[in-house]
Amino acid sequence: MLVATPALAQFPPPGLYACAADDDVVVGMLTLLVAGDYQWSAADGSGGEGQISSAGNSVEAISGPLDLQHWVGRFADEAGNVTYAFETDTGPVTCTLPG
């Protein structure tokens, strides 16, 4: 007997993340809220808000300033240490919980 079960959505873990380019230069702070809403504060003083969609551990900005720069990536949660690895128009960006 086969039983169909709904797939469980894995939402990106909310929190305040420091984001840096490959050369460790901080590019901004990403605040992820419930259900994929985000707020972005860039190091240059610009910012905005939008939405990030997720499927499994894959994430993609679908609106707002991160969508304009085509942020697409993955997140990993290892023992409470959450890391986002994005590919963007300006190169790779990694976002982690400060601390």
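Refer to the structure printed above.
Residues numbered from 1 in each chain as written. Predicted model: local features only at pLDDT ≥ 70, side-chain atom pairs only at ≥ 80, totals over all residues. Heavy atoms only, no water.

Asks: Looking at this structure, how should I read the nonpolar core?
Replies: When a protein is soluble and globular, its nonpolar side chains tend to lie buried together. Residues Leu-30, Trp-40, Trp-71, Tyr-84, Phe-86 and Cys-95 are the most contacted members of the largest nonpolar core, which totals 18 residues. Listed by contribution, the elements that provide at least two residues to this core are β1 (15-21), β2 (26-32), β3 (37-42), β5 (58-61), β7 (81-88) and β8 (91-96). (Core = buried A, V, L, I, M, F, W, Y, C linked by side-chain atoms within 4.5 Å. Buried < 20%, exposed > 50% of the residue type's maximum accessible area, 1.4 Å probe, protein only. Helix = DSSP H or I, 4+ residues; strand = E, 2+ residues; numbered from the N terminus.)

Asks: Sorry, what's going on with the sheet that holds strand β4 (residues 47-55) here?
Replies: The strands making up a sheet are joined through hydrogen bonds of the backbone, oriented either antiparallel or parallel. If you trace the eight strands once around the closed barrel, you get β1-β2-β3-β4-β5-β6-β7-β8, paired in antiparallel fashion. If you compare each strand with its neighbour and ignore which way they point, the axes differ by 30° on average. Pairing of β7 with β8, which is carried by six bridges, proceeds in the antiparallel orientation. Note on β8: the bridge partner recorded for Phe-86 is Val-93. (Pairing = 2+ DSSP bridges. Axes fitted to C-alpha atoms, helices over the stretch in contact; angles between N-to-C directions.)

Asks: Mind showing me how you'd approach the state of the cysteines here?
Replies: Working definition of a disulfide: a covalent bond connecting the sulfur atoms of two cysteines. For the structure shown, the criterion picks out one disulfide. What pairs with Cys-19 in a disulfide is Cys-95, and their sulfur atoms sit 2.1 Å apart. In this structure the cystine formed by Cys-19 and Cys-95 twists about its S-S bond by roughly 110°; its chirality is therefore right-handed. Here the residue Cys-19 occupies a position in strand β1, and Cys-95 occupies one in strand β8, the gap between them amounting to 76 residues. Judged on exposure class, the residue Cys-19 and its partner Cys-95 are both buried. (Disulfide = S-S within 2.5 Å.)

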